[in-house]
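Reading the structure
So you can see what is in the structure, the chains are spelled out below.
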Amino acid sequence: MNPSKGTSPSGGTSPSEPGVVDALPAVAPQLRALRRRASLTLEAAAGAAGLSAAHLSRLETGQRQPSLPMLLALARIYGTTVSELLGETVADRDAVVRAADMEPTQAGGWTYWQAGAAGRGMQSLRVHVPYGAQGDIVRVHPGEEWLYVLEGRLRLRLGDTAHVLAPGDSAHFDSLTPHRIAAADRAGAELLFVHTLLQSPTAALCLGPTPGGTP
């Protein structure tokens, strides 16, 4: 539960367009450092993420800001978490995350809060999905996802089957199943989201963008 409307796998969005992270100064150096730690060339990492090498280079030099889907994809490829990509650290891998410590981040039109510690085998987020954001983007990637609707209604498409989830409903599915997530109501939807992380930094990531979209 990723990724921004109006982008292409090779082109990406410009920093002035809506749906990108507005100010993430730590991302650029972290992206480069973690790619090198994973022993991946610029071309290999970009290909696995469905990006051009030139676009990934611009992300690493701060000329472009990544969307949440891009961060999730790169985190899986590098065998890390979005928290580490953002330069966030949890000193002692605390088991408890206090509400006051959850800083909201916007990406791809979504707002999300880290709801778990970094460096784990899965990542948990609290997410606000606004109406009309990323609803046409199909995502396909290794791993598993679990989501639980807190407020509003959520449209979830798994393969050829469409579902509408109300508050209290949940879904648990294999991420290799093509899936789309969108708010069903204009007020948007609030949900809890957990996904597993690939532990091998060289594992291939399979993305299936729709025309005009990046997972």
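Right above here is the structure, for reference.
Presented here is a report on the structure given in the accompanying data block. All residue numbers here refer to positions counted from 1 along the written sequence of the relevant chain. Local features in this predicted model are restricted to residues of pLDDT 70 or higher, and side-chain atom pairs are both shown and tallied only at a pLDDT of 80 or more, whereas totals for entire chains, interfaces and linings draw on every residue. Only heavy atoms go into the side-chain values, all of them from the structure, while hydrogens and water stay out.

Regarding the pattern of salt bridges
Any Lys or Arg side-chain nitrogen located within 4 Å of an Asp or Glu carboxyl oxygen qualifies as a salt bridge. If you walk through the whole model with that rule in mind, you get four salt bridges. Between R32 and E60 there is a salt bridge, with its nearest N and O atoms 3.4 Å apart. Placement of R32 in helix α1 (residues 27-37) and of E60 in helix α3 (residues 53-60) is noted, with a sequence separation of 28 residues between them. A residue is classified by how much of its surface remains accessible, and R32, at 29% relative accessible area, is partly exposed. The class for E60 is buried, based on a relative accessible area of 5%. Linking R126 and E190 is a salt bridge whose minimum nitrogen-to-oxygen distance equals 3.8 Å. Labels follow the DSSP assignment, with helices taken as runs of H or I lasting at least four residues and strands as runs of E lasting at least two, numbered in each case from the N terminus. Only protein chains enter the accessibility calculation, which uses a 1.4 Å probe. A residue is then buried if its area is under 20% of the maximum for its type, exposed if over 50%, and partly exposed in between.

Brief notes about the sheet that holds strand β5 (residues 154-158)
DSSP bridges decide pairing: two strands pair if at least two such bridges lie between them. Across the sheet, three strands lie side by side as β6-β5-β8; this open sheet has antiparallel pairing. What marks the edges here is a single partner per strand, and that holds for β6 (161-165) and β8 (179-183). The mean angle between the axes of side-by-side strands here comes to 15°, regardless of whether they run parallel or antiparallel. The pairing of β5 with β8 spans five bridges and is antiparallel. Across the sheet, L154 pairs through a bridge with A183, a residue of β8. Each axis is a line fitted through C-alpha atoms, and for a helix only the stretch in contact is used; angles between axes span 0 to 180 degrees, taken between their N-to-C directions.

A look at α1
Taken together, the buried positions of α1 are V27, A28, L31, L34 and R35. Within α1, the buried residues cover an arc of 140° as seen down the axis, which keeps them to one side. Residue contacts are counted whenever heavy atoms from the two residues lie within 4.5 Å of one another. The elements touched by buried residues of α1 are α2 (42-49), α3, α4 (68-78) and α5 (82-85). Two residues or fewer after α1 comes S39, characterised by a positive phi angle close to 60°. Here, the arc refers to the directions that run from the helix axis to the C-beta atoms.

Notes on the pairing of strand β3 (residues 122-129)
Here β3 shows one buried face, formed by Q123, L125, V127 and V129, and one open face, formed by M122, S124, R126 and H128. Alignment of strand β2 (residues 110-114) against β3, held across four bridges, turns out to be antiparallel. Pairing of Y112 across the sheet is with V127, part of β3. Pairing of β3 with strand β9 (residues 189-196), which is carried by eight bridges, proceeds in the antiparallel orientation. By the bridge assignment for β9, H128 is matched with E190.

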